[in-house]
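Examination of the molecular architecture
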Amino acid sequence: MKAPTTRRPSRSKRGTTDSKTLIFRASLARSLYRGFEIADTSTLYELAQAIVRSFDFDFDHAFGFYSKLKGNIYESPVRYELFVDMGQDEDEARSVKRTRVGEAFPSVGTKMRFLFDYGDGWEFLVELVKQKESEPKVKLPRLLLSAGKAPAQYPDAEEE
């Protein structure tokens, strides 16, 4: 009788050179942006968290990624929204927790709008600027570049 075999994880799941990292630029304005690196297997939820934290914002609001770069963001043909994961979306938006970054941003140059906090409407332009092989022992996501001073997420009421 043959001994049972144990199934090994694929090489890409074991952190070998098959895995890639993606380098993004998230911009609030032309001179206000952050560059960061994240694993291609991370979810859009994790990408959103990396964007928000790179601007020193609290990750405490609903958000979505939208393919339409100009005009009405809600008319985007491709949408990924946290509302889907919360069971509150009945239209054709897709999940941010089940979608991998590499699926939503398949090639260098892919751009989407990221809307964080539907009330205050923080809108970022997110672009995949580079793909590369992952480096061993590098903790991701990681901030690579910071340009411009991030605005206060919640400005003082007196300033308004």
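Going by the structure above, here's the rest.
Now for a look at the structure at hand. Each chain has its residues counted from 1, following the order in which its sequence is written. With pLDDT at 70 or above as the cut-off, local features in this predicted model cover only qualifying residues; side-chain atom pairs require 80 or more to be listed or tallied, and sums for whole chains, interfaces and linings still use all residues. The basis for every side-chain value is the complete set of heavy atoms in the structure, and neither hydrogens nor water enter the calculation.

Under the scheme used here, helices are H or I runs from DSSP no shorter than 4 residues and strands are E runs no shorter than 2 residues, and both carry numbers assigned from the N terminus. Helices and strands together make up the secondary structure of the protein chain, namely three helices and eight strands. Going residue by residue from the N terminus, the α and β elements of the protein chain occur as β-β-α-β-β-α-β-α-β-β-β. We call a residue buried when its accessible area falls under 20% of the maximum for its residue type, exposed when it is over 50%, and partly exposed in between, using a 1.4 Å probe and counting protein chains only. Taking all 160 residues of the protein chain together, the buried fraction comes to 38%. When contacts within the protein chain are restricted to residue pairs at least 6 apart in sequence, long-range pairs at least 24 apart make up 57% of them. The accessible surface values rely on the Shrake-Rupley method and a 1.4 Å probe; as for residues, cover is taken only from the protein chains in view. Looking at the protein chain as shown, the accessible area adds up to about 10100 Å², and 47% of this sits on carbon and sulfur atoms. The contact rule is simple, with two residues in contact once any of their heavy atoms fall within 4.5 Å.

What follows covers the side chain of Arg113. Looking at the secondary structure, you find Arg113 in strand S6 (residues 111-116). The exposure class assigned to Arg113 is buried, which follows from its relative accessible area of 7%. A polar contact is formed between the side chain of Arg113 and the backbone oxygen of Gly71, at a distance of 3.1 Å. Ignoring any residue separated from it by four or fewer positions in sequence, one finds Arg113 in contact with Gly64, Phe65, Tyr66, Lys68, Leu69, Lys70, Gly71, Ile73, Glu123 and Phe124. Pairing of N or O atoms within 3.5 Å defines a polar contact, subject to two protein rules: one partner must be a possible hydrogen donor and the other a possible acceptor, and residues neighboring in sequence count only if both atoms are side-chain atoms.

Turning our eyes to something else, we now look at unusual backbone geometry. The omega torsion of the bond from Leu140 to Pro141 falls at -5°, within 30 degrees of zero and hence cis. Following the sequence through the fold, Pro141 ends up in the loop between strand S7 (122-133) and strand S8 (142-147). The phi torsion at Asp117 lies on the positive side, around 70°, for a residue other than glycine. Note that Asp117 resides in the loop between S6 and S7. Note on Asp117: relative accessible area 5%, which makes it buried. Even without a glycine there, the phi angle at Lys137 is positive, about 65°. Examined against the element boundaries, Lys137 turns out to sit in the loop between S7 and S8. Taking relative accessible area as the criterion, Lys137 reaches 88% and is therefore assigned exposed.

Positionally, Tyr74 belongs in the loop between strand S3 (63-66) and strand S4 (79-81). What makes Tyr74 partly exposed here is its relative accessible area of 45%. Sequence-wise, Tyr74 and Gly64 are 10 residues apart; in three dimensions their C-alpha atoms are separated by 10.0 Å. Filtering out sequence-adjacent residues up to four positions away, Tyr74 remains in contact with Tyr66, Arg79, Leu115 and Tyr118.

Pairing of aromatic side chains requires ring centres within 6.5 Å, counting the rings of Phe and Tyr and the six-membered ring of Trp. Pairs whose planes differ by under 30 degrees are stacked, by over 60 edge-to-face, and all others tilted. This structure, assessed with the given rule, holds 18 aromatic pairs. Criterion for a charge above a ring: Lys NZ or Arg CZ within 6 Å of the ring centre, and within 35 degrees of the ring normal. Here the guanidinium or amino end of Arg34 rests over the ring plane of Phe55, the centre of that ring lying 4.6 Å away. Here the basic side chain of Lys97 rests over the ring of Tyr45, its NZ or CZ set 5.0 Å away from the ring centre.

For Lys111, the position within the fold is in strand S6. Put simply, Lys111 and Lys68 are 43 residues apart on the chain and 9.0 Å apart in space, counted from C-alpha to C-alpha. Other than its neighbours up to four places away in sequence, Lys111 contacts Leu69, Phe105, Leu125, Val126 and Glu127.

Only buried residues count toward a nonpolar core. Its members are Ala, Val, Leu, Ile, Met, Phe, Trp, Tyr and Cys residues joined through side-chain atoms within 4.5 Å. Among the nonpolar cores identified, the biggest contains 31 residues, and Phe24, Leu47, Phe65, Phe105 and Phe114 are the most heavily contacted of them. Broken down by secondary-structure element, the contributors of at least two residues to this core are strand S1 (20-29), strand S2 (32-39), helix H1 (44-54), S3, helix H3 (101-104), S6 and S7. For Leu47, the contacting residues outside a window of four places in its chain are Phe24, Phe36, Ile38, Phe65, Val101 and Phe105.

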